[in-house]
Amino acid sequence: LEIRLTNNSIPSFQQSVYRIDVREDTLIGTTLLKVEASSETERNIFYELVTDSPFIIDRVTGQIQLKQLLDYEREKS
């Protein structure tokens, strides 16, 4: 899962790595994680996922939610 910040300056994430385990039976729409970044020059930071994945990210809050059911047999990570 690759997350890109869509701003002019280079913000930094609050953590260098975000890691979670998600069960296969997790309900669609479940909030899994919130990423957070800050910048000295940018007041508003926007987030986007740049790869196709079973997740969506709120471009303002950084909350990542499940958008489709997971299948461990099809995708191990």
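Caption draft 1: Highlighting the overall build of the protein. Summing up its helical and strand segments, the protein has zero helices and seven strands in all. When the helices and strands of the protein are read in sequence order from the N terminus, they spell out β-β-β-β-β-β-β. Scored against the burial criterion, the 77 residues of the protein give a buried share of 25%. Accessible surface computed for the protein: about 6,000 Å², of which carbon and sulfur atoms make up 45%.

Caption draft 2: Spatial organisation of the sheet that holds strand β7 (residues 63-66). Judged by pairing direction, the sheet is antiparallel, and its three strands sit side by side in the order β3-β7-β6 without closing on themselves. A single partner strand is all that each edge strand has here, and the edge strands are β3 (31-34) and β6 (55-57). Each strand axis lies, on average, 25° off the axis of its neighbour in the sheet, ignoring direction. Of the strand pairs in this sheet, β6 and β7 are connected by three bridges, and their pairing is antiparallel. Residue pairing in the sheet places F55 in a bridge with L66 of β7.

Caption draft 3: Focus on the pairing of β7. Burial along β7 is one-sided: the residues I64 and L66 are buried and none of Q63 and Q65 is. Bridge count for β3 against β7 is three bridges, and the pairing is antiparallel. Bridge pairing in β7 links L33 to I64. Linking β6 back to β7 in an antiparallel pair, the connection comprises five residues, with G62 at a positive phi of about 80°.

Caption draft 4: Structural detail: the nonpolar core. In this structure, L32, V35, A37, I45, Y47, L49, F55, I57, I64 and L66 together form the largest nonpolar core, which totals 10 residues. Among the elements of the structure, β5 (47-49), β6 and β7 are those that each provide at least two residues to this core.

Caption draft 5: Examining the pattern of salt bridges more closely. All told, the structure shown has one salt bridge when counted by the stated rule. Measuring nitrogen to oxygen at the nearest pair gives 3.0 Å for the salt bridge that ties D25 to R23.

Caption draft 6: Up close: the packing of aromatic side chains. Under the defined criterion, the tally for this structure stands at one aromatic pair. Pairing F13 with Y18 gives two aromatic rings, centres 6.2 Å apart and planes at 75°, and the pair type is edge-to-face. When the ring centre of F46 is taken as reference, the NZ or CZ atom of R59 above it lies at 4.3 Å.

Caption draft 7: Representation of the environment of R59. Mapped onto the fold, R59 is located in the loop between β6 and β7. When the C-alpha positions of R59 and Y47 are compared, they lie 4.4 Å apart, and in sequence the two are 12 residues distant.

Criteria and thresholds
- Residues numbered from 1 in each chain as written.
- Predicted model: local features only at pLDDT ≥ 70, side-chain atom pairs only at ≥ 80, totals over all residues.
- Heavy atoms only, no water.
- Helix = DSSP H or I, 4+ residues; strand = E, 2+ residues; numbered from the N terminus.
- Buried < 20%, exposed > 50% of the residue type's maximum accessible area, 1.4 Å probe, protein only.
- Areas by Shrake-Rupley, 256 points an atom, 1.4 Å probe, with all protein chains shown as cover.
- Pairing = 2+ DSSP bridges.
- Axes fitted to C-alpha atoms, helices over the stretch in contact; angles between N-to-C directions.
- Core = buried A, V, L, I, M, F, W, Y, C linked by side-chain atoms within 4.5 Å.
- Salt bridge = Lys/Arg side-chain N within 4 Å of Asp/Glu carboxyl O.
- Phe/Tyr/Trp six-rings, centres within 6.5 Å; stacked < 30°, edge-to-face > 60°.
- Lys NZ or Arg CZ within 6 Å of the ring centre and 35° of its normal.

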